[in-house]
Amino acid sequence: MSTILVVGGAGYIGFHMVRELVERGHDPLVFDSLVTGHADAVTAGRLVVGDLADRGAVARLFDRYEIAAVMHFASFIQVGESVGAPLKYYRNNVANTLNLLAAMEEAGVPRLVFSSTAAVYGTPERIPISEDSPLKPENPYGHSKLMIEQVLADCDRAWGLKSACLRYFNAAGAHTLGDIGERHNPESHLIPIILQVAAGLREFITINGDDYATGDGTCVRDYVHVSDLAAAHTLALERLLSGSESMTYNLGNGNGYSITQVIEVCRRVTGHAIPVRVGRRREGDPASLVASSARIVNDLGWQPRYGDLEEIVESAWRFFNSTPGF
């Protein structure tokens, strides 16, 4: 049984990943600062509380455990916040990742699955977006992820690090058991914010701009279920463990939904009116981001199980209603 270090494994995607790893016969070891993560969501594996900024703690982790590969989810992810606080994002997403990579090199751990993002593409020239599309991020969050992708390529050439860079689009939904799901504080993702309105925890949902060059003027995004993301990460991990070269893949369903369409789906699922207000555009937001995931489908056989947006929202609503204090 391989020990897999899951950095950021107490966060939304991370704890879904931990459960997936256990189901696939791996031994997950979670390393998380719990600044944004939740210890009670790590329902399997072992949890070590620590920060990537603490180089000594990271080195001790590799000294103590025999780690076969690393999965890295410990990033700040809010586009708007990154525009106003770029140093926060470069310090956490870039500098702290360099600490992790240095410890991996010292310990001789040559495999990494990296949580990247569609934000590396910026405003795309064509939809759907393939992995060969130009890389021109428009905000510090996207820049920070692309920087690490470039670092990983250099480390591959220098000391043989093999990586899987997974550029996913909008992670959404909750585990089908209903016991784990999004718990950001404050919440920044669209679907749970809409559901908070449906539950009476917010008065309305604010649409950040309705004058984009899209069908109804609101931003279009590709929503992919978090369990499908975890499955894709596992496929990439197992390919690396088998001796594969480095790889880069998009992760999305290939279907674009506008914010207005997402609100309508949430209204149907919840049965609530969900009042809407229109605000200003959010700096750094492209009008449309929709993935082509043909490469990972062809190469690794990834098949998303939850491609319908209504099904994704239903899973999130089920978690919402089963979780006090959401």
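Residues numbered from 1 in each chain as written. Predicted model: local features only at pLDDT ≥ 70, side-chain atom pairs only at ≥ 80, totals over all residues. Heavy atoms only, no water.

A. Molecular detail of the environment of Phe-15. Within the secondary structure layout, Phe-15 lies in helix H1 (residues 12-23). Distance in space between the C-alpha atoms of Phe-15 and Arg-126 is 33 Å, their sequence separation being 111 residues. Excluding its chain neighbours within four sequence positions, the residues that come into contact with Phe-15 are Gly-9, Ala-10, Ala-41, Ile-180 and Gly-181. (Helix = DSSP H or I, 4+ residues; strand = E, 2+ residues; numbered from the N terminus. Contact = heavy atoms within 4.5 Å.)

B. Spatial organisation of the pattern of salt bridges. On inspection of all chains with the given rule, the structure shows 16 salt bridges. For Glu-131, the salt bridge goes to Arg-295, with nearest N and O atoms at 3.8 Å. Placement of the pair is Glu-131 in the loop between strand S5 (111-117) and helix H5 (140-159) and Arg-295 in helix H9 (residues 294-300), with a sequence separation of 164 residues. What makes Glu-131 buried here is its relative accessible area of 9%. The class of Arg-295 is partly exposed, set by a relative accessible area of 29%. (Salt bridge = Lys/Arg side-chain N within 4 Å of Asp/Glu carboxyl O. Buried < 20%, exposed > 50% of the residue type's maximum accessible area, 1.4 Å probe, protein only.)

C. Region of the structure containing the environment of Gly-8. Looking at where Gly-8 falls in the secondary structure, it is placed in the loop between strand S1 (3-7) and H1. Using a relative accessible area of 9% as the deciding quantity, one classes Gly-8 as buried. Separated by 63 residues in the primary sequence, Gly-8 and Met-71 have C-alpha atoms spaced 8.5 Å apart. What Gly-8 contacts, discounting residues up to four positions off in sequence, is Gly-14, Phe-31, Asp-32, Phe-73 and Ala-74.

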